[in-house]
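Summary of the model geometry
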Amino acid sequence: MRKIKLQEGVDLANLFGPHDLHLKMIEGELKVNMAARGDEITLEGQPESIQRAEHILQELADWTRTYYELKPEDISRAIRATEEQRDVPLKPYTVSTSPLPTQKGTVSPKTPTQQVYLQAIKQSDLVIAIGPAGTGKTYLAMAMALAALAQKQVSRIILARPAVEAGERLGFLPGDLFAKIHPYLRPLYDALYTMMDIERANRLIERGEIEIAPLAFMRGRTLDDAFVILDEAQNATTEQMKMFLTRLGMNSKAIVTGDITQIDLPESQKSGLTQIAEILVKIEGIKFVYFSEQDVVRHRLVKAIIKAYDRFENDSGSNTNGRGPTA
């Protein structure tokens with residue numbers, strides 16, 4: 001058993017959550033019992049769990065002193081952040097000094113790597129983000145693009161994606177050209193609609209201020225005064241990647257995102273994303289940001305699933321060449 005006393009100025013209602021929800025979340029995940037009397041909290045459980053719970057509580061308490069409003073997702077991220085390093089500094093996982101405004105609220109980095117990523121986008125004209133699904137690569141790039149458009153830093157946003165099937169044959173798709181390519185581009189529409197009302201987003205698309213297109217449509221163009229995002233870039237061939245990177249025009253910024261463990265190209269074709277880390281790494285003005293499972297901000301099981309697959313492949317010595325279903 002251990003008793004801890006919180007510092008003065010802590011917002012206890014914010015720290016404990018409605019009906020002590022935040023405390024109950026920590027209790028359930030760490031298998032500890034907590035009893036609070038004012039600013040004093042008693043913890044019971046295994047020593048390692050008590051130490052971890054105390055660290056989380058003290059860090060969270062410090063944030064409330066700066067009037068940061070804690071949410072249940074902040075508690076979950078703080079718990080996940082301490083899984084492998086018990087005393088890891090937690091502030092960068094939840095608190096951002098520069099939230100990005102969108103029509104449906106603000107977007108903030110949730111991990112230190114996400115913070116580095118946003119800073120890289122602000123400072124560099126070409127950023128390559130590589131890492132597993134659910135780490136916010138495309139989502140944060142989309143938020144930065146919308147902020148740049150709203151502030152008139154650029155006149156248009158261009159969202160591109162390779163039209164590659166994810167491990168299964170879809171066969172003949174009926175309809176006109178738009179109907180045929182739309183299924184491949186749907187994830188970009190989904191990301192856009194999470195930040196903006198559908199009607200407003202569609203108006204911007206109709207006016208050409210936001211363009212969503214297959215990567216193949218980029219050939220022969222010069223993309224001036226634009227914020228360009230290439231999503232699922234692991235499925236771009238080496239030729240397509242070179243073509244895309246050389247489209248960049250004046251007053252433009254390009255973000256390339258992808259997961260090199262989920263390549264859906266035929267065995268005979270090499271992923272352009274796996275090459276550019278070697279080709280472009282020494283060019284000034286290009287920034288590479290690498291995410292890991294620690295940066296996963298989807299459902300808590302996503303991180304566990306990624307780690308389980310990594311263990312399985314390492315233990316079995318299997319070599320899938322990074323080819324598997326995409327997310």
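Let us look at the structure shown here.

The rules we used
Residues numbered from 1 in each chain as written. Predicted model: local features only at pLDDT ≥ 70, side-chain atom pairs only at ≥ 80, totals over all residues. Heavy atoms only, no water. Helix = DSSP H or I, 4+ residues; strand = E, 2+ residues; numbered from the N terminus. Contact = heavy atoms within 4.5 Å. Buried < 20%, exposed > 50% of the residue type's maximum accessible area, 1.4 Å probe, protein only. Pairing = 2+ DSSP bridges. Phe/Tyr/Trp six-rings, centres within 6.5 Å; stacked < 30°, edge-to-face > 60°.

**What to know about the overall build of the chain**
The helix and strand inventory of the chain stands at twelve helices and eleven strands. Across the chain, every contact between residues at least 6 apart in sequence was considered, and the portion connecting residues at least 24 apart equals 71%.

**Quick word on the pairing of strand 6 (residues 126-130)**
Moving residue by residue along a regular strand, the side chains alternate between the two faces of the sheet. The element strand 6 is extensively covered by neighbouring structure, given that five of its five residues are classed as buried. Along strand 6, one buried face is formed by Leu126, Ile128 and Ile130 and the opposite face, lined by Val127 and Ala129, is buried too. As judged from the five bridges shared by strand 6 and strand 10 (residues 253-258), these two strands associate in the parallel manner. Within strand 10, the residue paired with Ala129 across the bridge is Thr257.

**Structural notes on the packing of aromatic side chains**
Applying the stated criterion to the full structure yields three aromatic pairs. With centroids separated by 5.3 Å and ring planes inclined at 85°, the aromatic side chains of Tyr117 and Phe291 adopt a geometry described as edge-to-face. Of this pair, Tyr117 sits in helix 6 (residues 112-123) while Phe291 is found in the loop between strand 11 (286-290) and helix 12 (300-316), placing the two residues 174 residues apart along the sequence. Residue Tyr117 is classed as buried on the basis of its relative accessible area, which comes to 0%.

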